[in-house]
Amino acid sequence: MEKSEISNWKKALLVLLRFSIGWHFFYQGYGKLISPFWTSEGFLKASWGPFASIAENPTLLAIADYAMMWGLVIVGLMLMIGLFTQIASLAGLALLIMIYVALPPLDYTGFVITTTQGTELYVDKNFIEILALAVVTSFQTGRMLGLDILVEYWRKQS
């Protein structure tokens, strides 16, 4: 069976998707880092399940805030420059899945909820970004255009 080659146009779109998600992660994290009053407390208090209890413990809340801010910045940078792209994609997926599970787009009865962006049921921007990042993870986009090209070269030289 012959291996099919991805066209340059499709590679460019995949790299653009990876970069865009990276930019979104980075900018969200950077905004939280420079805001002296940002905390995930309100989000966690509104969340379901075990995540809600994090807001009640100041130490756990501080750890969660720090991990979220720096996780977003680091994953975003890695995705933008295409360095350790598979690891960064999986870390981004983990962050997004935790956010989605903590506060899924449905109310306690399983019906539509209203947000500042309109009404949602099951599918929201986090879910769509999860799917987009899953696509990025499925392809080695860092080897299409990114520092993963150098990492692969160095690994072959060893």
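**Describing the overall build of the protein chain**
Phase 1 of the analysis: Within the protein chain, the secondary structure is distributed over eight helices and two strands.
Phase 2 of the analysis: Traced from its N-terminal end to its C-terminal end, the protein chain shows the element sequence α-α-α-α-α-β-β-α-α-α.
Phase 3 of the analysis: Along the first, second and third principal axes, the C-alpha atoms of the protein chain reach 50 × 35 × 25 Å.
Phase 4 of the analysis: Counting the 158 residues in the protein chain, one finds 34% classified as buried.
Phase 5 of the analysis: If you take every contact in the protein chain between residues at least 6 apart in sequence, the share linking residues at least 24 apart comes to 70%.
Phase 6 of the analysis: By element, 69% of the accessible surface of the protein chain is carried by carbon and sulfur atoms, the whole surface being about 10200 Å².

**Examining the pattern of salt bridges**
Phase 1 of the analysis: In the structure shown here, the tally under the stated rule is three salt bridges.
Phase 2 of the analysis: Ionic pairing is found between E5 and K11, a salt bridge with its closest N-O pair at 3.1 Å.
Phase 3 of the analysis: Classification of K11 by relative accessible area gives partly exposed; the value is 24%.
Phase 4 of the analysis: A salt bridge links R143 to E152, with the shortest nitrogen-to-oxygen separation between them at 3.0 Å.
Phase 5 of the analysis: The partly exposed category is assigned to R143, whose relative accessible area is 41%.

**Structural notes on the packing of aromatic side chains**
Phase 1 of the analysis: Within the structure shown, the criterion is met by four aromatic pairs.
Phase 2 of the analysis: On the basis of an interplanar angle of 20 degrees and a centroid distance of 5.5 Å, the ring pair of W23 and Y27 is categorised as stacked. One end of the pair, W23, and the other, Y27, are both in helix α1 (residues 8-34), four residues apart, so they sit about a helical turn from each other.
Phase 3 of the analysis: For W23, a relative accessible area of 43% puts it in the partly exposed group.
Phase 4 of the analysis: Y27 sits in the partly exposed class, given a relative accessible area of 48%.

The rules we used
Residues numbered from 1 in each chain as written. Predicted model: local features only at pLDDT ≥ 70, side-chain atom pairs only at ≥ 80, totals over all residues. Heavy atoms only, no water. Helix = DSSP H or I, 4+ residues; strand = E, 2+ residues; numbered from the N terminus. Buried < 20%, exposed > 50% of the residue type's maximum accessible area, 1.4 Å probe, protein only. Contact = heavy atoms within 4.5 Å. Areas by Shrake-Rupley, 256 points an atom, 1.4 Å probe, with all protein chains shown as cover. Salt bridge = Lys/Arg side-chain N within 4 Å of Asp/Glu carboxyl O. Phe/Tyr/Trp six-rings, centres within 6.5 Å; stacked < 30°, edge-to-face > 60°.

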